[in-house]
Amino acid sequence: MCDRIGKVRADGSVLFITLNYNVDFDMNKSTLLRFYTREKRLDALLALGNLVRLQASPYGKYETEKSPCEQINCKAEIRDEFESKRKHQAKIAESIDEFAKVYSPAYLWKDGVWHYVSSSECTLLTEKTFPKVKPEPNYDKMSFRRLTSDGKIEKPYGEKFTGFDAAQHKANADQNIYFIFKDQRLIKTIHPQIQTA
């Protein structure tokens, strides 16, 4: 799972980066609240592009000879991993609503304070409180396909993937196997549950 870190710009759009390979919401929250509360420092962070690791300072290079717990500098995809600038530079969402719907869960700098954004709400972020929001999956790039009686995999005509529970219900109703794909990658197979009398 990835976190996004964004900043609302003067025109209402959101400039944001992705924090890849991350699972620690509390650590990120603390780092942002302690070290990224000034516009200049936050702008330096966003200028790095996508991150592998969020740390206290956006200014120096990540030192590979130090252990992760000794690091103070962020590890950036472009600067430290020599990844493509085009792929990993900061992106822009046209509005806060688009940012929330497409790129949540995320941290958002708005009106001089940090917020935690899910697809349904924007909550003030503080050290003492942290919204207990379960990250909502983005189903836009997901689809499901079924196994036909002649052994072929086909996409049900006109149907959109709306969630795993709905796919399980459909598999039970049709007594058919469904395959869930994200883009072109198979991520889950759903078998019909056996009906008991």
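Use the structure listed above.
Residues numbered from 1 in each chain as written. Predicted model: local features only at pLDDT ≥ 70, side-chain atom pairs only at ≥ 80, totals over all residues. Heavy atoms only, no water.

A.B. asks: Just to check I follow, could you spell out the overall build of the protein chain for this structure?
C.D. replies: If you tally the helices and strands in the protein chain, you get 5 helices and 12 strands. The burial tally for the protein chain puts 40% of its 197 residues in the buried class. Restricting the contact set of the protein chain to residue pairs at least 6 apart, pairs at least 24 apart contribute 45%. (Helix = DSSP H or I, 4+ residues; strand = E, 2+ residues; numbered from the N terminus. Buried < 20%, exposed > 50% of the residue type's maximum accessible area, 1.4 Å probe, protein only. Contact = heavy atoms within 4.5 Å.)

A.B. asks: Is there a simple way to think about the nonpolar core in this case?
C.D. replies: Inside soluble globular proteins, nonpolar side chains tend to come together where they are buried. Counting residues in each nonpolar core, the largest one holds 19 residues, and the members touching the most others are I5, L32, L45, L51, L54 and W114. Of all elements in the fold, only β2 (14-19), α1 (25-35), α2 (39-47), β6 (106-110) and β7 (113-117) reach the threshold of two or more residues within this core. Of the residues forming this core, the biggest block, 3 residues, is contributed by α2. Apart from residues lying up to four places away in sequence, L54 is in contact with I5, L19, N28, T31, L32, Y36, L45 and C74. (Core = buried A, V, L, I, M, F, W, Y, C linked by side-chain atoms within 4.5 Å.)

A.B. asks: What am I meant to see in the packing of aromatic side chains here?
C.D. replies: A ring pair, where both rings are aromatic, is described by two values, the distance of the centres and the angle of the planes. If you walk through the whole model with that rule in mind, you get 5 aromatic pairs. Measuring from ring centre to ring centre gives 5.7 Å for Y107 and Y116, while their planes differ by 70 degrees; the resulting arrangement is edge-to-face. Taken as a pair, Y107 and Y116 share a single burial class, namely buried. Measuring from ring centre to ring centre gives 5.3 Å for W109 and W114, while their planes differ by 70 degrees; the resulting arrangement is edge-to-face. We classify W114 as buried; its relative accessible area is 2%. Three or more aromatic residues joined by ring pairs make a cluster, and in this case those are F16, F99 and Y103. Positioned above the aromatic ring of Y36, the side-chain terminus of R41 is 5.6 Å from the ring centre. (Phe/Tyr/Trp six-rings, centres within 6.5 Å; stacked < 30°, edge-to-face > 60°. Lys NZ or Arg CZ within 6 Å of the ring centre and 35° of its normal.)

A.B. asks: Please clarify how the sheet that holds strand β12 (residues 185-190) should be interpreted in this entry.
C.D. replies: Across a sheet, paired strands are connected by hydrogen bonds in the backbone, their directions being either parallel or antiparallel. The sheet built from 4 strands is open, its strands ordered β10-β9-β11-β12 with antiparallel pairing. With one partner strand each, in any of the chains shown, β10 (153-154) and β12 form the two edges of the open sheet. Where strand β9 (residues 142-147) meets β10, 2 bridges bridge the pair, whose relative direction is antiparallel. Counterpart to L147 in the pairing with β10 is I153. Contacting β9, β11 (178-182) and β12, helix α5 (residues 164-174) crosses the sheet at an angle of about 55 degrees to β12. (Pairing = 2+ DSSP bridges. Axes fitted to C-alpha atoms, helices over the stretch in contact; angles between N-to-C directions.)

Don't take any of this as a statement about function, it's just geometry.
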